[in-house]
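Each chain is listed here by its residues.
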Amino acid sequence: MTTEMCVAIVDNVIAGKHGHYAVAHSDRLSSITFSLEPPVWQESDHPEEGTEVVLSDIRKKRAGWRAMSARFVRPSDESNQ
């Protein structure tokens, strides 16, 4: 199952053995994990806890929701809502 995209708030940034990743939450989905490595993370610097991010290509995995694409929220995102 795949969902389109959502805005989520970063709860935690973690340095794992396979690279950095983050855990975020949204109103629709309780917890979404995403990699902070390319090609998933599309920015040059990592988000901090409390930062809003746009997550897309979200997939349900056995261990929970995973976003396959992530970036910072931009002003144009807010004007589109």
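Our structure is the block above this text.
Description of the structure in this document.

Examining a negative patch on the surface
- Taken together, the side chains of Asp 11, Asp 45, Glu 48 and Glu 49 present a region of like negative charge at the surface.
- Structurally, Asp 11 is set in strand S1 (residues 2–16).

Comments concerning unusual backbone geometry
- Omega for the peptide link from Pro 38 to Pro 39 comes to 5°, which places this bond in the cis form.
- Examined against the element boundaries, Pro 39 turns out to sit in the loop between strand S3 (32–35) and strand S4 (52–61).
- Positive phi outside glycine occurs at Asp 57, with the angle close to 50°.
- Tracing the backbone through its elements, the reader meets Asp 57 in strand S4.

What about the packing of aromatic side chains?
- Taken as a whole and assessed by the stated rule, the structure comprises two aromatic pairs.
- The interplanar angle of 25° and the centroid separation of 5.9 Å between the aromatic rings of Phe 34 and Trp 41 together place this pair among those described as stacked.
- Ring geometry for Trp 41 and Phe 72: centres 5.0 Å apart, planes at 85°, overall edge-to-face. Note that Trp 41 is positioned in the loop between S3 and S4 and Phe 72 in strand S5 (residues 64–72), a separation of 31 residues in sequence.
- Overall, the relative accessible area of 4% leaves Trp 41 in the buried class.

Scoring rules and cut-offs
Residues numbered from 1 in each chain as written. Predicted model: local features only at pLDDT ≥ 70, side-chain atom pairs only at ≥ 80, totals over all residues. Heavy atoms only, no water. Patch = residues over 30% accessible without salt bridge, like charges linked within 9 Å, V, L, I, M, F, W, Y side chains within 5 Å. Areas by Shrake-Rupley, 256 points an atom, 1.4 Å probe, with all protein chains shown as cover. Salt bridge = Lys/Arg side-chain N within 4 Å of Asp/Glu carboxyl O. Lys, Arg positive; Asp, Glu negative; His and termini not counted. Charge placed at Lys NZ, Arg CZ, Asp CG, Glu CD. Helix = DSSP H or I, 4+ residues; strand = E, 2+ residues; numbered from the N terminus. Phe/Tyr/Trp six-rings, centres within 6.5 Å; stacked < 30°, edge-to-face > 60°. Buried < 20%, exposed > 50% of the residue type's maximum accessible area, 1.4 Å probe, protein only.

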